[in-house]
Amino acid sequence: MIDDDDMPDRDEGINGYEKIDRYNPELISNLATHYKDVLKLIGEKPEREGLLRTPERMAKAMLYLTQGYDLDAKQILTSALFKEDYSQMVVVKDIEVYSMCEHHMLPFFGKAHIAYIPNGHVVGLSKIPRVVDVFARRLQVQERLTNEIRDCIQETLQPIGVGVVIECRHLCMCMRGVQKQNSVTTTSAFTGGFLHEKTRAEFLNLISAKLS
């Protein structure tokens, strides 16, 4: 990975899906000041050795984890659209998901399974996980994340249908509140052909199958 000091500002022009781990020094400084105050408020001493650079690290981490606000998911998809006479289901499963719950700003993580039925065009396979990252790297709730991915693919590709299933563990449930470490939340969203039971069942069967 490129060292942070060699990276341009976050607010420079974003080229579709350019990875954003480059920051505006002024923004980092402002965020770090607030994080330093947070450390004081919880009873810590920001001036002790182990915490001297923690506010800056926290600021950079937060900007990285919320970089999806600066990215255009539709542009990512349109950058790799290809005409193709293929009208069967395309499935990309087990896509890693890392996001933060907007209610407590604690992580939730798991896997996304996405399928679409082409309608004259296919998209480069790597673009589907990139779309997941764009929406996941924002403050989220899993339900909205699921719908945003579905809607983006449907509106951009205009396929015969889209299916999205996301399975995640939420640290706001594991570390606080009810403290249920083994609970998994599953959400789903469908359009077009996936609203038909037979097509949806095929999709669910494919994402549950294991490669031999």
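Data block above holds the structure.
Here the structure is a predicted model, which means the values were calculated and not measured.

Calculation criteria
- Residues numbered from 1 in each chain as written.
- Predicted model: local features only at pLDDT ≥ 70, side-chain atom pairs only at ≥ 80, totals over all residues.
- Heavy atoms only, no water.
- Pairing = 2+ DSSP bridges.
- Helix = DSSP H or I, 4+ residues; strand = E, 2+ residues; numbered from the N terminus.
- Contact = heavy atoms within 4.5 Å.
- Axes fitted to C-alpha atoms, helices over the stretch in contact; angles between N-to-C directions.
- Phe/Tyr/Trp six-rings, centres within 6.5 Å; stacked < 30°, edge-to-face > 60°.
- Salt bridge = Lys/Arg side-chain N within 4 Å of Asp/Glu carboxyl O.
- Buried < 20%, exposed > 50% of the residue type's maximum accessible area, 1.4 Å probe, protein only.
- Parallel < 35°, antiparallel > 145°, perpendicular 65-115°, else oblique.
- Left-handed = near helix turned anticlockwise from the far one by under 90°.
- Nonpolar A, V, L, I, M, F, W, Y, C, P; charged D, E, K, R; others polar.

A.B. asks: Honestly, the sheet that holds strand β7 (residues 185-190) in this entry has me stumped. Any pointers?
C.D. replies: Within a sheet, each strand pairs with its neighbour through backbone hydrogen bonds, oriented either parallel or antiparallel. Reading across the sheet, the five strands line up as β5-β2-β3-β6-β7 and stay open at both edges, with mixed pairing between neighbours. Two strands close off the open sheet at either side, each with one partner strand: β5 (139-140) and β7. Across 10 bridges, strand β3 (residues 107-117) lies against strand β6 (residues 161-170) in antiparallel orientation. Each residue of the ladder has a partner; that of Phe108, found in β6, is His170. Docked against the sheet, helix α5 (residues 142-157) engages β2 (90-101), β3, β5, β6 and β7, running at close to 155° with respect to β6.

A.B. asks: It is not clear to me how the packing of aromatic side chains should be interpreted in this structure. Could you clarify?
C.D. replies: The description of an aromatic ring pair rests on the distance of the ring centres and on the angle between the ring planes. For the structure on display, the rule yields two aromatic pairs. Seen in terms of ring centroids, Phe190 and Phe203 are 6.4 Å apart; in terms of plane orientation they differ by 85°. Their pairing is edge-to-face. With a gap of 13 residues between them, Phe190 in strand β7 and Phe203 in helix α7 (residues 197-208) connect regions that are remote in the sequence. With 5.6 Å between their ring centres and 80° between their planes, Phe194 and Phe203 make a pair best called edge-to-face.

A.B. asks: I keep staring at the pattern of salt bridges and nothing clicks. Help me out?
C.D. replies: Evaluation of the coordinates by the stated rule reveals seven salt bridges. A salt bridge links Arg53 to Glu56; the nearest nitrogen and oxygen atoms lie 3.5 Å apart. Glu56 gets classed as partly exposed once you look at its relative accessible area, which sits at 27%. Notably, a salt bridge pairs Arg144 with Glu148, separated by 3.9 Å at the nearest N-O pair. Here Arg144 and its partner Glu148 are both found in helix α5, four residues apart, which amounts to about one turn of the helix. Classification of Glu148 by relative accessible area gives partly exposed; the value is 23%. A network of salt bridges, in which partner residues are shared, links Arg53, Glu56 and Lys60.

A.B. asks: How do you make sense of the packing of helix α4 (residues 127-136) against α5 when you look at a structure like this?
C.D. replies: Any two packed helices are characterised by the angle at which their axes cross and by the distance between the axes. Remark: α4 packs on α5, axes separated minimally by 10 Å, with the N-to-C direction vectors making an angle of 135°. The orientation of α4 with respect to α5, classified from their angle, is oblique. The chirality of how α4 crosses α5 is right-handed. Judged by residue contacts, Ile128, Val131, Val132, Phe135 and Ala136 of α4 engage Leu145, Glu148, Ile149, Cys152 and Ile153 from α5. Partitioned by chemical class, the residues of the contact of α4 with α5 number nine nonpolar, no polar and one charged.

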